[in-house]
Amino acid sequence: MDGVTVEQRAERYRPECVPGGQDRVAELAGWVTDGDVVVLSGAGLSTESGIPDYRGPSGAARRTTPMTYQTFTRDPVARRRYWARSHLGWRTISDARPNAGHRAVARLQELARLGGIITQNVDGLHQAGGARDVVELHGNLARITCLDCGSRSSRSAHEARLSAANPDFAAVAAAINPDGDVELDEAALDGFTVVDCTGCGGMLKPDVVYFGESVPPDRVARSFELVCGARTLLVLGSSLTVMSGRRFVLRAAREGVRVAIVNQGVTRGEPYASLTVDAPLGTVLPDLVARVESSTRQNARIIL
Ligand SMILES: [Zn+2]
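A short tour of the structure in this document, coming up. Every value quoted in this text rests on a predicted model; they were computed, and no experiment measured them.

This part covers the packing of helix α8 (residues 217-228) against helix α9 (residues 243-255). Running from amino to carboxyl end, α8 crosses α9 at an angle of 35 degrees, the nearest separation of the two axes being 9 Å. Of the two possible hands of crossing, α8 and α9 adopt the one that is right-handed. Facing Val 220, Ser 223, Phe 224, Val 227 and Cys 228 of α8, the residues of α9 in contact are Arg 247, Phe 248, Arg 251, Ala 252 and Glu 255.

Our focus in this paragraph is unusual backbone geometry. The residue Asp 36 is not glycine, and still its phi comes out positive at about 50 degrees. Along the polypeptide, Asp 36 turns up in the loop between α2 (21-34) and β1 (37-41).

This part takes up the coordination of the zinc ion. Metal coordination angles have textbook ideals: 109.5 degrees for a tetrahedral set of four donors and 90 or 180 degrees for an octahedral set of six. Ligation of the zinc ion by protein atoms is provided by Cys 146 (SG), Cys 149 (SG), Cys 197 (SG) and Cys 200 (SG), these donors lying 2.3 to 2.4 Å from the ion. Angles of 102 to 115 degrees at the metal separate the four donor atoms of the zinc ion, which places the site in the tetrahedral class. Positions of the donor residues of the zinc ion along the chain correspond to the pattern C-x2-C-x47-C-x2-C. A residue pair is termed long-range when its members are at least 10 positions apart, and Cys 149 in the loop between β4 (139-146) and β5 (152-154) and Cys 200 in the loop between β7 (182-183) and β8 (204-208) qualify at 51 residues. Residue classification places Cys 149 among the partly exposed positions, given a relative accessible area of 43%.

Another point: the sheet that holds strand β11 (residues 275-277). In any sheet, the strands associate via hydrogen bonds between backbone groups, in a parallel or an antiparallel arrangement. Taken in spatial order, the six strands of this open sheet run β3-β2-β1-β9-β10-β11, and their pairing is parallel. The open sheet has two edge strands with one neighbour each: β3 (134-136) and β11. With direction set aside, neighbouring strand axes in the sheet form an average angle of 15 degrees. For β1 and strand β9 (residues 232-236), the ladder comprises five bridges, and the chain directions are parallel. Along β9, the bridge assignment pairs Ser 41 with Leu 236.

With that out of the way, let us pick up the sheet that holds β8. Within the open sheet, the three strands sit side by side as β5-β4-β8. Their pairing is antiparallel. Each end of this open sheet is capped by a strand with a single partner; those strands are β5 and β8. If you compare each strand with its neighbour and ignore which way they point, the axes differ by 45 degrees on average. Judged from the three bridges that link them, β4 and β5 form a sheet pairing that is antiparallel. Bridging from a neighbouring strand, Arg 143 pairs with Ser 154 of β5.

Taken together, the buried positions of helix α7 (residues 155-165) are Arg 155, His 158, Glu 159 and Leu 162. Seen from one end, α7 has its buried residues packed into an arc of 100 degrees, which puts them on one side. Away from the buried face of α7 by more than 90 degrees, exposed residues Ser 156 and Ala 164 are located. For α7, the elements touching its buried residues are α4 (76-95), β4, β5 and β8.

Scanning all chains against the criterion turns up six aromatic pairs. Centroid distance Phe 72 to Tyr 82: 5.6 Å. Interplanar angle 90 degrees. Geometry classified as edge-to-face. Linking Phe 72 in helix α3 (residues 69-74) with Tyr 82 in helix α4, this pair joins segments that are 10 residues apart in sequence. As far as burial versus exposure is concerned, Phe 72 and Tyr 82 are alike and both buried. Pairing Phe 72 with Tyr 210 gives two aromatic rings, centres 5.4 Å apart and planes at 85 degrees, and the pair type is edge-to-face. Remark: Tyr 210 occurs in the loop between β8 and α8 and Phe 72 occurs in helix α3; sequence separation between them is 138 residues. Accessibility assignment for this pair places Phe 72 and Tyr 210 in one class, buried.

Packed helix pairs are characterised by how far apart their axes lie and by the angle those axes make with each other. One can describe the packing of α4 onto α7 by two numbers: an axis separation of 11 Å at closest approach and a directional angle of 120 degrees. As judged from the angle between their axes, α4 and α7 are oblique. Considering the relative orientation of α4 and α7, their crossing is left-handed. Taken together, the residues of α7 that come into contact with α4 (itself represented by Trp 83, Ser 86, His 87 and Trp 90) are Arg 155, His 158, Glu 159, Leu 162 and Ser 163. Taken together, the residues of the contact of α4 with α7 break down into three nonpolar, four polar and two charged.

So, on to α9. With 13 residues, α9 extends 18 Å from end C-alpha to end C-alpha; this agrees with the ideal 18 Å at 1.5 Å per step. Of the positions making up α9, those classed as buried are Ser 244, Gly 245, Arg 246, Phe 248, Val 249 and Ala 252. Buried residues along α9 sit against β1, α8, β9 and β10 (258-262).

Looking now at the side chain of Asp 207. Within the secondary structure layout, Asp 207 lies in strand β8. Side-chain polar atoms of Asp 207 contact the side chain of Arg 152, separated by 3.0 Å. The residues contacting Asp 207, other than those within four sequence positions of it, are His 138, Gly 139, Asn 140, Arg 143, Ile 144, Thr 145 and Arg 152.

Rules used throughout
Residues numbered from 1 in each chain as written. Predicted model: local features only at pLDDT ≥ 70, side-chain atom pairs only at ≥ 80, totals over all residues. Heavy atoms only, no water. Axes fitted to C-alpha atoms, helices over the stretch in contact; angles between N-to-C directions. Helix = DSSP H or I, 4+ residues; strand = E, 2+ residues; numbered from the N terminus. Left-handed = near helix turned anticlockwise from the far one by under 90°. Contact = heavy atoms within 4.5 Å. Donors = N, O, S within 2.8 Å, 3.2 Å for Na, K, Ca; no water. Tetrahedral: all angles 85-135°; square planar, octahedral: opposite > 155°, others 65-115°. Buried < 20%, exposed > 50% of the residue type's maximum accessible area, 1.4 Å probe, protein only. Pairing = 2+ DSSP bridges. Arc of directions from axis to C-beta. Phe/Tyr/Trp six-rings, centres within 6.5 Å; stacked < 30°, edge-to-face > 60°. Parallel < 35°, antiparallel > 145°, perpendicular 65-115°, else oblique. Nonpolar A, V, L, I, M, F, W, Y, C, P; charged D, E, K, R; others polar. Expected span 1.5 Å × (residues − 1). Polar contact = N/O pair within 3.5 Å; in protein donor to acceptor, adjacent residues only side chain to side chain.

Fair warning: the whole summary comes from geometry, so function is off the table for now.
So, in structure tokens, the structure goes:
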């Protein structure tokens, strides 16, 4: 962290303060007005909702390694600690509200400019901001899945069961990670009780893709289908560090689908992008929507 507030950073990166920034947003607005845009969003879209991006400029480096599928399923102590930490972290995730960037994406969908929305985020904020038909590549923390019988249930019901099973658990989280996991003193985890599937007694897990786990093939296939059918792939708030997201940019570039990236900081997609805007999404996206609305009105006038 460089001690700069979100507002100060937004001011510094206002497109009018960046050489050529206004022209780039104007060009992007032209591409979006053309339609058939597929959005690929990452953690940077949710930072302004208070969910940190540990790879982006606003996120401190994560102190603990993320939970892997193998550890979660094989190590009962690690699993108990995960649920204790996640029980605390869930409050931050469930309290998060969509920001101007999420609402702008929903508005572009309403204006029929989008061919699809693919997200790497597990916070559900696209839908909370009004978007529909979102492909959640890495799942959603608001759902719980049973690894034995496959049934799905709501996170809120699960959290109520955890609270009931742990009436004296009052640990305070030191810091939260983007996947809802928190940093916590290990002594605070002693005695935390995990709850199992109400249907079969099996092992429960948040319905998200862990490190070491593959994205379900149907979601990958659907995403490739959307990208290949697009005129523009618009990456929002992703540094494209992991292949799980970068592969869509590589495919788009190979298929001749133009790539635009709006992200704060450098991304690994830059060699494939024809247009990049380095700025906070909560500033650029409402500006983009206003331009698209304006040119859509002008086009309607020409047709009339
Ligand atoms: Zn079950």
